[in-house]
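Topology and contacts: notes
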Amino acid sequence: MELYPIIEKSTAEEIKKFQESKLKELLIYLQNHSPFYQKLFKENHIDINDINTLEDLRKIPTTEKNDIQQNNNDFFCVPMTEIVDFSTTSGTLGDPVTFGLSEKDMERIAYNEAISLSCAGISKGDVVQMITTIDKRFIAGLAYLLGLRKIGAGVVRMGPGIPELQWDSIFRYKPRYLITVPSFLLKMIDYAEKNGIDYKNSSVVGAVCIGESIKNQDFTDNILSQKIKERWNIQLFSTYASTEMSTAFTECEFQVGGHHHPELIITEILDEDENPVKEGESGELTITTLGVEALPLLRFKTGDLVKAHYEPCKCGRNTMRLSPVIGRKQQMIKYKGTTLYPPAMNDILNDFAGISCYQIVIHSSEIGLDEIIIKLSTENNDENFVNEVRDHFRAKLRVSPKIEIVDFDTLFKIVHHPNSRKPINFIDLRT
């Protein structure tokens, strides 16, 4: 299998023509097989023969997660007897949304992760330790496993948590790469230092980081990434994906954004009025999947605010690259005249060595305004510590949230809930 697809080295015009050809195939497929899109086309008087270019996509209404939640079965394009794996993702209205994968879709996500993880330098013969869950109907762990197998890498399926067992596997099987939530690397380092483990001379050279941002918008290391690298000299690679996309955007060795795979997905960056943003501006990532058989999506708004970068990469790929996620549109906080997103607060909390665990809680006040509560655990008994944290918020973000000190064991169980594949550092209780 070609792990460096030719289309990704092609010119921007060649990539556009290629995607327009794939778009025509998708529209015909949806017209013939998707009850939801058949209805959408009919109600909006859309003739798919009028959709010939990527610009023509704007003639089609966008789709959101609540559309899938309210019409879940109508999005399926194959009989349930052809579904070989069921995955779920959280829904905006409470109940989870079901995604099914056909055998062809399983092959597609394997291909996607193979070319994506190859961007990060993983190759045949490498051993990779997966510190991620593969159960509980999460698609990510399954995708990593299938992609690594397609590359020809060896896989150590450890699952999340328990630093002692992670180090045991590292020294037993000598993986070159880890796939993990980056904040867990700090816990592994803490455990190693407390127990005399020579982690700096382990086999690990890099980690593919999921679930949390490790980069600023200019692609420099954010505070979390800096804290890891100050103690452990390994490479950290960002990757961004979702169940809905069945596609990943992963950094290459030059680490200037996650590479787009044009054979798998069409991307749009849209403003509040669903118009394309100007180059260099941020907007909501809106995607159209290519090659998905069971549950393809057309102009699906992800809710994630990003920037696109179009200049060619030094690695030779000419594909668009995505910035780190600025925040989720629905998680935008308006606090005393200031607009905030959780990643900015994460950076501040990660900057304090004394904070061992934290959670940001947003709720509505009696008069309907956004209120912020920072719950944190700390070993620092200095009575001025809370004031120092609050002053840092004022200096960096011009806000002064309420801060509550919580027992570590209590908060850790909430943040690292067994039913979640990544830390629950943000809770939105607004109505």
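Above this note sits the structure.
Keep in mind it's a predicted model, so treat the numbers as computed, not measured.

A few words on unusual backbone geometry. Here the phi dihedral of Ser246 falls at roughly 50 degrees; this positive angle occurs in a residue that is not glycine. Its location among the elements puts Ser246 in the loop between strand E7 (235-242) and strand E8 (247-250). Residue Ser246 is classed as buried on the basis of its relative accessible area, which comes to 14%. A positive phi angle is found at Glu274, which is not glycine, with a value near 65 degrees. Within the secondary structure, Glu274 is located in the loop between strand E10 (265-270) and strand E11 (282-289).

Moving on: the sheet that holds strand E19 (residues 402-405). For sheets, the rule is that strands pair by backbone hydrogen bonds, running either parallel or antiparallel. Strand order across the open sheet formed by four strands is E19-E18-E17-E20, with mixed pairing between neighbours. Of all the strands in the sheet, just E19 and strand E20 (426-428) have a single pairing partner and so form its edges. Adjacent strand axes in the sheet meet at a mean angle of 20 degrees when their direction is disregarded. By the bridge criterion, four bridges tie strand E18 (residues 370-378) to E19 in an arrangement that is parallel. Its bridge partner being in E19, Lys375 is matched across the sheet by Glu404.

Applying the stated criterion to the full structure yields 10 aromatic pairs. Relative to Trp232, the ring of Tyr199 lies with its centre 5.9 Å away and its plane at 90 degrees, an arrangement referred to as edge-to-face. Taken together, the residues Tyr199 in the loop between helix H7 (182-194) and strand E6 (206-209) and Trp232 in the loop between helix H8 (223-231) and E7 connect sequence positions 33 residues apart. The same class applies to Tyr199 and to Trp232, which are both buried.

The next point concerns the environment of Thr243. Mapped onto the fold, Thr243 is located in the loop between E7 and E8. For Thr243, a relative accessible area of 8% translates into the label buried. Considered as a pair, Thr243 and Glu107 are 136 residues apart in the sequence and their alpha carbons are 15 Å apart. Setting aside residues no more than four positions away along its own chain, Thr243 makes contact with Ser87, Thr88, Thr89, Phe99 and Ile139.

Relative to strand E4 (residues 154-157), strand E3 (residues 127-130) runs parallel, the two being bridged by four bridges. By the bridge assignment for E4, Val128 is matched with Val155. In this view, the connection linking E3 to its parallel neighbour E4 by way of helix H5 (residues 139-151) has right-handed handedness.

This next bit is on the packing of H7 against H8. Two elements in contact, H7 and H8, have axes whose closest approach is 10 Å; the angle formed by their N-to-C orientations is 30 degrees. As judged from the angle between their axes, H7 and H8 are roughly parallel. Judged by the sense of rotation from one axis to the other, the crossing of H7 with H8 is left-handed. On the side of H7, the interface is formed by Pro182, Ser183, Leu185, Leu186, Ile189, Asp190 and Glu193, while H8 contributes Leu224, Lys227, Ile228 and Arg231. The class makeup of the residues in the contact of H7 with H8 is six nonpolar, one polar and four charged.

Reading the values: rules and limits
- Residues numbered from 1 in each chain as written.
- Predicted model: local features only at pLDDT ≥ 70, side-chain atom pairs only at ≥ 80, totals over all residues.
- Heavy atoms only, no water.
- Helix = DSSP H or I, 4+ residues; strand = E, 2+ residues; numbered from the N terminus.
- Buried < 20%, exposed > 50% of the residue type's maximum accessible area, 1.4 Å probe, protein only.
- Pairing = 2+ DSSP bridges.
- Axes fitted to C-alpha atoms, helices over the stretch in contact; angles between N-to-C directions.
- Phe/Tyr/Trp six-rings, centres within 6.5 Å; stacked < 30°, edge-to-face > 60°.
- Contact = heavy atoms within 4.5 Å.
- Right-handed = clockwise from strand over helix to strand, strands pointing away.
- Parallel < 35°, antiparallel > 145°, perpendicular 65-115°, else oblique.
- Left-handed = near helix turned anticlockwise from the far one by under 90°.
- Nonpolar A, V, L, I, M, F, W, Y, C, P; charged D, E, K, R; others polar.

Taken by themselves, the reported measurements are silent on function.
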